[in-house]
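Topology and contacts: notes
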Amino acid sequence: MEKRINDFSLRVATVNGTGSQSSNNLLFKSLFRMGIGVCAKNLFPSNIQGLPTWFQIRVSPKGYQNLREHDDIAVLMNAETAHEDIAAMRPGTTIFYNSSIIKVAPEEIKTGMVVYGLPVEELAKKITDAKLRHLLKNLFYVGALSHLYGIDEDVMKGVIKDTFRDKQSAIDANIAALQVGIDYAKENYKKQDAYELKKADVNKGKIVTEGNTASGLGAIYGGCTVVAWYPITPSSSLTESMESYLKKLRVDKAGKAKYAVVQAEDELGAMGMVLGASWAGARSMTATAGPGISLMQELLGLAYYAEIPAVLYNVQRVGPSTGLPTRTQQCDIQSCAYASHGDKRHILLFPSSPKECFEMGPTAFDLADRMQTPIFVMSDLDLGMNQWVDDELVYTKPKYDRGKVLNAEQLEQAKDFGRYLDVDGDGVCYRTLPGTNHRKAAFFTRGSGHDEYARYTESPVVYARNMDRLAKKFQTAKKYVPKPVLTGKDSAKIGVIAYGTTHHALTETLERLGNDNIKYLRIRSYPFTQEVEDFIKSCDRVYVVEQNRDAQLRQLIEVDIRGYQNKLFSVLYYGGFPISADFIERELQKALG
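Predicted model only: the values in this text are computed from it and were never measured. The residue count restarts for each chain, going from 1 along the sequence in the order it is written. Where totals are concerned, whole chains, interfaces and linings use all residues; where local detail is concerned, this predicted model gives features only for residues with pLDDT of at least 70, and gives and counts side-chain atom pairs only at 80 or more. Heavy atoms throughout the structure, all of them, feed into the side-chain values; hydrogens and water do not.

Quick look at the overall build of the protein
- For the purposes of this entry, the term helix denotes a DSSP run of H or I that reaches at least four residues, the term strand denotes a run of E that reaches at least two, and both are numbered from the N terminus. When its secondary structure is counted, the protein shows 21 helices and 22 strands.
- Relative to the compact-globule value of 25 Å for 593 residues, the protein shows a C-alpha radius of gyration of 27 Å, a close match.
- C-alpha extents for the protein along the principal axes are approximately 90 × 65 × 40 Å.
- A buried classification covers 56% of the 593 residues belonging to the protein.
- The long-range fraction of contacts in the protein, counting pairs at least 24 apart against all pairs at least 6 apart in sequence, stands at 75%.
- Each accessible area is a Shrake-Rupley result for a 1.4 Å probe, and residues are judged covered by the shown protein chains and nothing else. Looking at the protein as shown, the accessible area adds up to about 25300 Å², and 51% of this sits on carbon and sulfur atoms.
- By the counting scheme adopted, Arg and Lys are positive, Glu and Asp are negative, and His together with the chain ends is not counted. Where a charge sits is defined by one atom per residue type, namely NZ (Lys), CZ (Arg), CG (Asp) or CD (Glu). In the protein, the 73 positive side-chain charges and the 70 negative ones have mean positions that sit 3 Å from each other. Radius of gyration here is computed from C-alpha atoms only, and the compact-globule reference equals 2.2 Å multiplied by the residue count raised to the power 0.38. Whether a residue is buried, partly exposed or exposed follows from its accessible area with a 1.4 Å probe, protein chains only, as a fraction of its type maximum: under 20%, in between, or over 50%, in that order. Any two residues whose heavy atoms approach within 4.5 Å at even a single point are treated as in contact.

Things to note about helix α7 (residues 168-188)
- Take the residue count of a helix, subtract one, and multiply by 1.5 Å to get its expected span. The terminal C-alpha atoms of α7, which comprises 21 residues, lie 30 Å apart, in line with the 30 Å expected from a rise of 1.5 Å per residue.
- Regarding α7, the residues found buried are A170, I171, N174, I175, A177, L178, V180, G181, I182, Y184 and A185.
- On its buried face, α7 sits against α1 (20-33), β7 (114-118), α3 (120-124), α4 (130-136), α5 (139-149) and α6 (153-164).

Focus: the nonpolar core
- Of all hydrophobic cores here, the largest spans 70 residues; its most connected members are M285, I497, I523, L553 and I557.
- With 6 residues, helix α14 (residues 354-371) is the largest single contributor of residues to this core.
- To form a nonpolar core, buried Ala, Val, Leu, Ile, Met, Phe, Trp, Tyr and Cys residues must be joined to one another through side-chain atoms within 4.5 Å. Of all hydrophobic cores here, the second largest spans 52 residues; its members include M77, I151, M156 and Y184.

Quick notes on the packing of aromatic side chains
- For Phe, Tyr and Trp, rings pair up if their centres lie within 6.5 Å, where Trp contributes its six-membered ring, and each pair is then called stacked (planes under 30 degrees apart), edge-to-face (over 60) or tilted (otherwise). Going through the model one piece at a time under the given rule, you end up with 14 aromatic pairs.
- Residues F96 and Y149 carry aromatic rings whose centres are separated by 6.3 Å and whose planes lie at 70 degrees to one another, so their mutual orientation is edge-to-face. Separated by 53 residues along the polypeptide, F96 in strand β6 (residues 94-98) and Y149 in helix α5 bring together distant segments of the chain.
- Among the aromatic side chains, those forming a connected cluster through ring pairs are F8, F96, Y116, Y149, Y184, Y189 and Y195.
- Above the plane of the ring of W388 lies K41, whose end atom (NZ or CZ) is 3.7 Å from the centre. Counting as a charge over the ring demands two things of the Lys NZ or Arg CZ atom: a distance within 6 Å of the ring centre and an angle within 35 degrees of the ring normal.

Some remarks on the sheet that holds strand β12 (residues 284-288)
- The strand order across the open sheet formed by 7 strands is β11-β10-β12-β13-β15-β14-β20, and the pairing between neighbours is mixed. Looking at which strands have only one partner, the edges of the open sheet turn out to be β11 (260-263) and β20 (525-526).
- For strand β10 (residues 226-229) and β12, the ladder comprises 2 bridges, and the chain directions are parallel. Residue pairing across strands places V227 opposite M285, the latter belonging to β12. Two strands qualify as a pair provided DSSP detects at least 2 bridges between them.

Overview of the environment of R522
- Position of R522 among the secondary structure elements: in strand β19 (residues 518-523).
- Residue R522 is classed as buried on the basis of its relative accessible area, which comes to 9%.
- Considered as a pair, R522 and I497 are 25 residues apart in the sequence and their alpha carbons are 5.8 Å apart.
- Beyond its immediate sequence surroundings of up to four residues, R522 is in contact with F350, S352, E356, P484, V485, A498 and H503.
- Of note is the side chain of R522, whose polar atom sits 3.1 Å from the side chain of S352. Residues adjacent in sequence count toward polar contacts only when both atoms are side-chain atoms; beyond that, a polar contact is any pair of N or O atoms within 3.5 Å, and within protein one must be able to donate a hydrogen and the other to accept it.

So, the pairing of β10
- The two faces of β10 match: V226 and A228 on one face and V227 and W229 on the other face are all buried.
- In this structure, β10 lies alongside β11, joined through 4 bridges in parallel fashion. When the sheet's bridge partners are listed, V226 is paired in β11 with A260.
- Handedness of the β10-helix α9 (residues 236-249)-β11 crossover: right-handed. The crossover handedness rule: strands pointing away from the viewer, path from first strand over the helix to second strand clockwise, crossover right-handed.

Describing α14
- Relative to the 26 Å expected for 18 residues at 1.5 Å per residue, α14 spans 25 Å between its end C-alpha atoms, a close match to the ideal helical length.
- Working definition for bend: take the seven residues up to and ending at a residue and the seven starting at it, fit an axis to each, and measure the angle between the axes. Remark: the principal bend of α14, roughly 35 degrees, maps to M360, with a proline, P362, within the next four residues.
- Counted residue by residue, α14 has 16 buried out of 18 residues, so it is predominantly covered.
- Once α14 finishes, Q372 follows within two positions and takes phi at roughly 55 degrees, a positive value.

Observations regarding the environment of A492
- Secondary-structure assignment places A492 in the loop between β17 (485-487) and β18 (494-499).
- A residue is classified by how much of its surface remains accessible, and A492, at 1% relative accessible area, is buried.
- Linking A492 and N548, residues 56 residues apart in sequence, is a C-alpha distance of 27 Å.
- Sequence-distant contacts of A492, that is, excluding residues within four places in its chain, are made with D516, N517, I518, K519 and S538.

Examining the side chain of T81
- With respect to the secondary-structure elements, T81 resides in the loop between β5 (73-76) and α2 (82-88).
- Non-local contacts of T81, meaning those with residues more than four positions away in its chain, are made with A13, P52 and W54.

Here we look at the sheet that holds β18
- Across the sheet, which stays open at both edges, the 5 strands sit in the order β17-β19-β18-β21-β22 with mixed pairing between neighbours. For this open sheet the edge positions go to β17 and β22 (568-572), each flanked by a neighbour on one side alone. Each adjacent strand pair in this sheet contributes to an overall mean axis angle of 20 degrees, direction not counted.
- Of the pairings in the sheet, the one linking β18 to strand β21 (residues 541-546) comprises 4 bridges and is parallel in character. Following the sheet pairing, I497 is matched in β21 by V544.
- Simply put, an axis is a line fit to the C-alpha atoms, just over the touching stretch for a helix, and the angle between two N-to-C directions goes from 0 to 180 degrees. The strands touched by helix α19 (residues 530-538) within the sheet are β17, β18, β19, β21 and β22, with β19 carrying the most contacts at an inclination of about 160 degrees.
- On the sheet, helix α21 (residues 581-592) packs against β18, β19, β21 and β22 and is oriented at approximately 155 degrees with respect to β21.

Comments concerning unusual backbone geometry
- Of note, the bond from T233 into P234 is cis; its omega dihedral lies within 30 degrees of zero at 10 degrees.
- By secondary structure assignment, the location of P234 is in the loop between β10 and α9.
- In this model, G319 is joined to P320 through a cis peptide bond whose omega is 0 degrees.
- With respect to the element layout, P320 can be found in the loop between β13 (310-316) and α13 (333-337).
- Backbone geometry at S340 places phi at a positive 85 degrees, although glycine is not the residue there.
- With phi around 55 degrees, Q372 is a residue other than glycine that occupies positive phi space.
- What makes Q372 buried here is its relative accessible area of 0%.

The following block contains the structure:
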């Protein structure tokens, strides 16, 4: 039997609300500390307690950050889904199951399957504290797995100590429960499968973090001082983590807070607060998801037309309507690009990793100020709420670009000031901030028809002139948005385009295919820069891979870059789970023939 060292997938099936998350995180973080390339995804229901939940871990020599479609080891602690989970496993795989509550029939066992029973309820009697028994018994399977597959016990104990820190009683209880599983495996299991874990050096210079945490830090790094929000899955943890850091990083020597975090009555109210603070000169933001964007439409139109900076983090989830709140998609691309009624286009940023979530924070706030418009940072549930292994976040002293803001001295020297007057010919006008002490500084901020001097007008000529200027400003943004990243040979004639978290599965797919005639462009922003058209023009065919039903990015490309529609094809996944390299490889092979 050939050994499978640091190259397999494991799925844990439990019940939401039973404390399994901390046990699964112990597994994940222990593997990370052992230097093993590891990826983890939490697939959880939208209720608080009682429904099935799955936690998937993949180990790989290269540390791929996407899952396989099929698992090699299933840990079954939920009787409700156990038989369905067994049916999904392939011949030759391994089953762990809670033999106290799950009965596995002989006909369920496929050829070459290895089966280990774990009498969880009987072992739980060893935990004397009845209140903790329900939560700690998940550590039994962690202990059993660690013995069978070679997870370092000292590393696991170190993770437990770091998790509970100064709570010695919790540390002792968790280590004791872990030992119960280890001892049972030592006494009762004979290893029969091929999977092993060994220390490696894949994670040097890496950290474990969530995209929402990195986004919150990036926003602080970008100079944000006002956050207005309303709780919604999967974005709530962005603001919550950001507030915890603000308490440390935005407080003066006297202990006075130099920031404001306001939970509004709803998403519309939150957007109004953001615009008010931004108009007054603060760098302001909100974090939300698709339903929140729907509720903010009216004020997004005001921000676009009155030209008020704002940053919105959209952690996308499955829609429409309530949809699947705890599943991931890239389904808000067009609703954000065209947010609100009337003619308008908004700037979008597409981070693909926690590190980019962090780095795009300053970029988003600089763009909002420079272009005087809302900026959407398009994350998703997978990126925002799952833990990722990524490069360290590097802090350098930021240099904020506030754009075209006139002070009193500049106003005195200026011959003229009109809030919506295009002096430089780039569509971006000069503005003043409230409180600027000069007679020229004041202006009306209007969401209704206005001329170059912010005076009310219903003139069709003036309206068209203003709208044309706004369109020019959108084109100017191409100079400043993050450029796409090209991988592959320039001479390749088959192109692939992707964005956001799809990047990780796609890069593995391309490694597997090993086709020198395929090149890949990762788009990081909208509007599309010249590099996107040049890439499409150089290819015979281009496949746009995305996680939505309607090919939303491909449609944007077809609208904005005319004449190449016959070259563009879609590879679409929209089931709500993170896209896999297995899926993309299968679809590309079918398309390529």
